[in-house]
Amino acid sequence: MHRAAQGMRNLGLDFDAILSSPYLRALQTAEVVVQIYKLKADTIYPTNNLLPPASIKKLLNEVHSRFPKSKSILLVGHEPHLTEMISDLLMCDNPLEIDLKKGGLCCLSIPEPLGKACTVFNWLLTPTQLGLISKEK
């Protein structure tokens, strides 16, 4: 995860906040990102809305109420729940077949307000790809 987080940093990705599942492994993953980015520990916001069976609607409501001006938020959660949330955002009737590996990163652009335009799937990177990017700088 250290190499993946360094790859994220090398890509120039910035986050206004990090929302994490309250489960230990997810919090540890978020803490690695905080360490690599040299952020304050209070940048991580644990939320039950990243635990199954929470809906993407509940998560988005929390994001809009807690971080109304945020442009980029990192979500740290669990599979297959994250893939189900991605599928919901992309308005798919069935979960997409996304191979979102542990430590992988998916980027979506969500319109404001949601529902006026479609969510855009920007890219997906595996932990191996992020690790290779971590060695570039």
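Anyway, here's the lowdown on the structure attached to this text. (Residues numbered from 1 in each chain as written. Predicted model: local features only at pLDDT ≥ 70, side-chain atom pairs only at ≥ 80, totals over all residues. Heavy atoms only, no water.)

### Topic: the pattern of salt bridges
- With the rule as written, the count across this model stands at two salt bridges.
- Note that Arg66 and Glu62 form a salt bridge whose closest N and O atoms lie 2.8 Å from each other. Of this pair, Arg66 and Glu62 both sit in helix H3 (residues 56-66), separated by four residues, roughly a single helical turn.
- The exposure class of Glu62 is buried, given its relative accessible area of 12%.
- In this structure, Asp99 engages Lys101 in a salt bridge whose closest nitrogen and oxygen atoms are separated by 3.2 Å. (Salt bridge = Lys/Arg side-chain N within 4 Å of Asp/Glu carboxyl O. Helix = DSSP H or I, 4+ residues; strand = E, 2+ residues; numbered from the N terminus. Buried < 20%, exposed > 50% of the residue type's maximum accessible area, 1.4 Å probe, protein only.)

### What about unusual backbone geometry?
- For the peptide bond that leads from Pro52 to Pro53, omega is 10 degrees, which places it in the cis range.
- Turning to its location among the elements, Pro53 is positioned in the loop between strand S2 (44-46) and H3.
- Going from Glu79 to Pro80, the amide bond is cis rather than trans, its omega being 0 degrees.
- Along the chain, Pro80 falls in the loop between strand S3 (73-76) and helix H4 (81-89).
- In this structure, Lys38 is a non-glycine residue whose phi angle is positive, near 55 degrees.
- With respect to the element layout, Lys38 can be found in the loop between helix H2 (24-37) and S2.
- A relative accessible area of 65% means that Lys38 is categorised as exposed.

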